[in-house]
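Fold and geometry: a report
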Amino acid sequence: SIIMSCSTAASLHASFAGNPVGPRKGGARRSQGPGQTRRPAAAAPPTRAVATSDTSTASGSPSLQTLIAEIAQVPDGNDRLKRLIKMADALPPLAAKDKSIANRVMGCTNEAWIDVQLSASGTVTLRGDSDAKITAGFAGVLAAGLDGLTPAAVLEIEDDVVTALGIGPAALPRSRANGFRNMLETVKKQTRLLMANATVPPFPSLLITADAITAQGSFAESQVEFLEPDAAAVDALVAELSSKNIGIVAHFYMDPQVQGVLMAAKAKYPHVFISDSLVMADAAVKMVEAGCTSVMVLGVDFMSENVRAILDDAGHGDAKVYRMAAEDIGCSLAEAAQGDAYYNYLEQAQGVTDAVHIIYINTALDTKARANALVPTITCTSSNVVQTVLQAAYQVPGVNVFYGPDTYMGGNLAELFTMMSTWTDAEVAAVHPEHTQQTIKSLLPRLRYFQDGTCMVHHMFGGDVCETVKNFYGDAYQTAHFEVPGEMFKLAMAAKQDRDMGVVGSTKNILDYVVDRVDEAVVRNVPSGERLTFVLGTETGMTTSIVRAAQAQLKAAAAKGVTGVAAEIVFPVSSQAITQTGEAQDPAGALGGALGSLSIVPGPQGGEGCSSDGGCASCPYMKMNSLAALMGVCAKVGTSAQDLLVAYEPKKYATVGGGPSIAAQGCVPILHMRDFQNTKKFSDAFIADITTRGK
């Protein structure tokens, strides 16, 4: 996946188990080939250690433009820094009561606060403070430069005012520069809230501390309701599992009631496992080898099929595998790969020299089998798709990559590789050591992706939702699954590059990112406390795992005397799930986006909610895996009613012409992926298939 969490290119490579890529903004200057136009999203501002500056980024404020020019034109770098520090004197004092969590600048190395107010004439006034002189100096620049502006003019100030100061990395390291950028983003967020006449941003959220979880909005309340599950329900489930040797593998996207019970049951019974789709089958194998005779799969149908196939491959064909419904538990993305359009797409690869099909694991076994019959095929996940493509391009120079079926992930891959084509060789090598800027450029024309396959949940994270995230959560940590639309992908990428506060990856990557940031805040243990806000750009079923992991950290920290850290999880909600509740607060549309003309009241009366047509990111298919369904299936195991569970078993595939079954053939691309994961290269047999099949 793309998981933006490491501090240098070298550490990116060291931690890449199919994970992080992407240099931060402010890194080395990108090389540029003849005739190449650099893409602004990927380019880092050049480091300036000389007294030259482009102050056009502050053109909306003559005062700010003048201040930046005065600092940037000081000849000596140390004197420029002293001039910046001196600007702290221009900072209006901030009362102790206003040094609150709400005014705290997230992502800042030191403690810093910003408070924006509107004067009687409707112009902006700004106060602030920091325990670091240089940070207070930057706040002073903003206070002096933005005072008296209209809110609209404040929002026009570009982030590159930090670079325009002309202070080099020796005096202004990347972490501090990122904090400065987030300070400006905090100013803009507070300004937008004032424009909307709102006291809190519009999306529902959960605030997690060591001893409490507080919900804002009815959807958040529904999430928190089951974090402390009914003890009797937990005990009843554990009794069924332990008495009948049943194991459970469940995806992160379960209903909060089910997740709550499963997490509590896991503490009492060892064979309960919650994860993303990749390792569910591996966990099932371990459970069977530890004595489980049946495995319940809480997920959609391709997950139970994979569990069944991997158990069979491991020699455990006698173990029973059950789904939670007799009817299909579908997946809009998997279904997109079963239509004629997808096979027509793959037929384009037939006869193409050195063609390889990289298929997302979230597809059915028969899809994988049929695809592999047409084109040499390897499975990928959101955690390893980048490395899979790059390894194919390394081992088969001139390879033609056909990716599918997820259109958003394919588009994000193309966007990422376009960005990488502007990076230095060292930055590219940090992602894959055998690649250079030139090899990435040469790969781009040979990368194709399917144009008509999406997950109905991740489809929600489009321009509408992203506009609201930018307006009201621009200073927050941005998380996004690799399957989200390009708008959300770019938003999280930009948050990493500009502010070092973004992650794009798998569900597990997102969970780890949140946990790591909370850990860092605990270590900082700033005196005034710290609240970290995370925008959850994936299915809301992740909530239980994130909340429990974060609160466990905070409880452990509190036991050691660290009590000031809190984490907030924000749930983006589509405009389809929000209705007008009164007069528009922004009739002129100054805020832009779908929420610009809405008065938001969290809760049902404001229209907040979920549906398969939009709203919060919640999968209706996953909700078929209810607690009642689980208990009903478990109750039949080992009884005379077990024969009724035939309809609950994963789909069975027939043997064709006395050869391997469709399921076995569908496992071939999965085994190619597992071989790659284990050896870090494609097998000789797979390479031979790629290089000879189309000839």
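The structure displayed is predicted, hence computed values, not measured ones. (Residues numbered from 1 in each chain as written. Predicted model: local features only at pLDDT ≥ 70, side-chain atom pairs only at ≥ 80, totals over all residues. Heavy atoms only, no water.)

Comments concerning the overall build of the protein
Across its full length, the protein carries 26 helices and 18 strands. For the protein, with 695 residues in total, the buried portion stands at 58%. When contacts within the protein are restricted to residue pairs at least 6 apart in sequence, long-range pairs at least 24 apart make up 74% of them. Carbon and sulfur atoms make up 53% of the accessible area of the protein, which totals about 25,500 Å². (Helix = DSSP H or I, 4+ residues; strand = E, 2+ residues; numbered from the N terminus. Buried < 20%, exposed > 50% of the residue type's maximum accessible area, 1.4 Å probe, protein only. Contact = heavy atoms within 4.5 Å. Areas by Shrake-Rupley, 256 points an atom, 1.4 Å probe, with all protein chains shown as cover.)

Digging into the side chain of asparagine 400
Residue placement: asparagine 400 occurs in strand 11 (residues 400–404). Among the polar contacts listed, one links the side chain of asparagine 400 to the side chain of arginine 448, at a separation of 3.3 Å. Discounting residues that sit within four places of it in the chain, asparagine 400 has contacts with Val352, Thr353, Asp354, Ala355, Val356, Arg446 and Arg448. (Polar contact = N/O pair within 3.5 Å; in protein donor to acceptor, adjacent residues only side chain to side chain.)

Quick word on the pattern of salt bridges
Applying the stated criterion to the full structure yields 21 salt bridges. The residue aspartate 282 makes a salt bridge to arginine 674 at a minimum N-O spacing of 2.8 Å. One end of the pair, aspartate 282, is in helix 11 (residues 280–289); the other, arginine 674, is in helix 25 (residues 662–679), and 392 residues separate them in sequence. The class of aspartate 282 is partly exposed, set by a relative accessible area of 27%. Overall, arginine 674 belongs to the buried group, its relative accessible area being 18%. With a shortest N-O distance of 2.7 Å, arginine 517 and glutamate 520 are connected by a salt bridge. A residue pair is termed a helical-turn pair when its members lie 3 or 4 positions apart in one helix, as arginine 517 and glutamate 520 do in helix 22 (residues 507–524) at three residues. Residue classification places arginine 517 among the buried residues on the basis of a relative accessible area of 8%. Within this structure, Lys97, Asp98, Asp115 and Arg127 form a network of salt bridges that share partners. (Salt bridge = Lys/Arg side-chain N within 4 Å of Asp/Glu carboxyl O.)

With respect to the side chain of histidine 316
Locating histidine 316 in the fold gives a position in the loop between helix 12 (301–313) and strand 8 (320–322). Filtering out sequence-adjacent residues up to four positions away, histidine 316 remains in contact with Val285, Val288, Glu289, Arg308 and Leu311.

A word on the pairing of strand 2 (residues 124–130)
Here strand 2 shows one buried face, formed by Val124, Leu126, Gly128 and Ser130, and one open face, formed by Thr125, Arg127 and Asp129. Relative to strand 2, strand 1 (residues 112–118) runs antiparallel, the two being bridged by seven bridges. When the sheet's bridge partners are listed, leucine 118 is paired in strand 2 with valine 124. What sits between the antiparallel neighbours strand 1 and strand 2 is a turn of five residues, in which glycine 122 has the positive phi angle 85°. (Pairing = 2+ DSSP bridges.)

A word on helix 2 (residues 62–72)
Taken as a whole, helix 2 has its buried residues at Leu64, Leu67, Ile68, Ala69, Ile71 and Ala72. Of the surrounding elements, those touching the buried residues of helix 2 are helix 3 (77–86), helix 4 (133–146) and helix 6 (161–164).

Concerning the packing of aromatic side chains
The tally for this structure, following the rule as stated, stands at eleven aromatic pairs. Residues tyrosine 342 and tyrosine 343 carry aromatic rings whose centres are separated by 6.3 Å and whose planes lie at 80° to one another, so their mutual orientation is edge-to-face. By relative accessible area, tyrosine 343 is classed as buried at 4%. On the basis of relative accessibility, which here comes to 0%, the residue tyrosine 342 falls in the buried class. Through a chain of ring-to-ring contacts, the aromatic side chains of Tyr342, Tyr343, Tyr345, Phe402 and Phe450 assemble into a single cluster. The lysine or arginine in question, arginine 370, covers the ring of tyrosine 343, its NZ or CZ lying 3.6 Å from the ring centre. (Phe/Tyr/Trp six-rings, centres within 6.5 Å; stacked < 30°, edge-to-face > 60°. Lys NZ or Arg CZ within 6 Å of the ring centre and 35° of its normal.)

Considerations on the sheet that holds strand 12 (residues 447–449)
Spatially, the four strands line up as an open sheet ordered 10-9-11-12, and their pairing is parallel. Of all strands in the sheet, those with a lone pairing partner are strand 10 (377–380) and strand 12, marking the two edges. Looking at each pair of strands side by side, their axes are set apart by 25° on average, direction ignored. The pairing of strand 9 (residues 355–360) with strand 11 spans five bridges and is parallel. Its bridge partner being in strand 11, valine 356 is matched across the sheet by valine 401. Sheet contacts for helix 17 (residues 407–420): strand 9, strand 11 and strand 12; angle to strand 12, the most-contacted strand, approximately 155°. (Axes fitted to C-alpha atoms, helices over the stretch in contact; angles between N-to-C directions.)

A short note on the sheet that holds strand 13 (residues 477–481)
Strands sit in the order 4-3-16-15-13-14 across an open sheet of six strands; the sheet is mixed. Single-partner strands in this sheet number two, and they are strand 4 (213–216) and strand 14 (502–505). Across the sheet, the mean angle from the axis of one strand to that of its neighbour is 20°, orientation sign disregarded. Note that strand 3 (residues 205–208) and strand 4 share four bridges and pair antiparallel. Of the residues in strand 4, the one forming a bridge with leucine 206 is alanine 215. Of the strands in this sheet, strand 13, strand 14, strand 15 (530–537) and strand 16 (565–570) touch helix 22, which is tilted by about 175° from strand 15.

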